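Each chain is listed here by its residues.
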Amino acid sequence: MRIKTVTSVSCLLVTLGIAAYLESPYSYWNKNYAYSADQPVMAQPVEVEPSSDVPELEEKLEKTERVDGYIVETYEEYEVYKDKDGKVIKSEPTGKTDSIKYWDYSKKDR
């Protein structure tokens, strides 16, 4: 029984070792794809300007109300198109609104 276990474990370790070697960059199969750390890498930054075709999403305050002791602010989302200088070319509402409701502390209700 002990010989079977030792043989099985040895075969498993040899199989895992061969598989690890074949997957490494130093194996015979991967020698054309291996890289070496002794070659210097030159990285140069590239400036990319944002495209004017892609809009930025901005939320603009539409209205502020006082309701039952709360202040309710309503914002609407806009698609804003800008040119390469950052000037707004076009601004279109998306129809999506968002509200923020918070307690009005300026009122003295005592």
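(A) Inspection of the overall build of the protein chain at higher detail. A count of helices and strands for the protein chain gives one helix and three strands. Counting from the amino terminus, the protein chain carries its helices and strands in the arrangement α-β-β-β. Looking at the protein chain as a whole, 13% of its 110 residues are labelled buried. Contacts spanning at least 24 positions in sequence make up 33% of the contacts within the protein chain whose residues lie at least 6 apart.

(B) Seen up close, the packing of aromatic side chains. Under the defined criterion, the tally for this structure stands at one aromatic pair. Judged by centre distance (5.0 Å) and plane angle (85°), the ring pair of Tyr-70 and Trp-103 falls under edge-to-face. With a gap of 33 residues between them, Tyr-70 in strand β2 (residues 70–82) and Trp-103 in strand β3 (residues 88–103) connect regions that are remote in the sequence. Looking at Tyr-70, the relative accessible area reads 30%, which means it is partly exposed. We classify Trp-103 as partly exposed; its relative accessible area is 36%.

(C) Broad picture of a nonpolar patch on the surface. A surface patch of nonpolar side chains, about 390 Å² in accessible area, is lined by Val-9, Leu-12, Leu-13 and Leu-16. Its place among the elements puts Leu-13 in helix α1 (residues 2–23). On the basis of relative accessible area, Leu-13 is assigned to the exposed category, the value being 57%.

(D) The pattern of salt bridges, seen in detail. Tallying each qualifying case throughout the model produces four salt bridges. With a closest N to O distance of 3.6 Å, Glu-56 and Lys-82 form a salt bridge. Of this pair, Glu-56 sits in strand β1 (residues 56–67) while Lys-82 sits in strand β2; the two residues are 26 residues apart in sequence, bridging distant segments of the chain. Lys-90 is the partner of Glu-92 in a salt bridge, and the nearest nitrogen-oxygen pair spans 3.5 Å. Glu-92 gets classed as partly exposed once you look at its relative accessible area, which sits at 33%.

(E) Focus on the side chain of Glu-77. Mapped onto the elements of the fold, Glu-77 is located in strand β2. This buried residue, Glu-77, is left without a salt bridge; Lys-96 holds the nearest opposite charge, at 4.3 Å.

Reading the values: the criteria
Residues numbered from 1 in each chain as written. Predicted model: local features only at pLDDT ≥ 70, side-chain atom pairs only at ≥ 80, totals over all residues. Heavy atoms only, no water. Helix = DSSP H or I, 4+ residues; strand = E, 2+ residues; numbered from the N terminus. Buried < 20%, exposed > 50% of the residue type's maximum accessible area, 1.4 Å probe, protein only. Contact = heavy atoms within 4.5 Å. Phe/Tyr/Trp six-rings, centres within 6.5 Å; stacked < 30°, edge-to-face > 60°. Patch = residues over 30% accessible without salt bridge, like charges linked within 9 Å, V, L, I, M, F, W, Y side chains within 5 Å. Areas by Shrake-Rupley, 256 points an atom, 1.4 Å probe, with all protein chains shown as cover. Salt bridge = Lys/Arg side-chain N within 4 Å of Asp/Glu carboxyl O. Lys, Arg positive; Asp, Glu negative; His and termini not counted.

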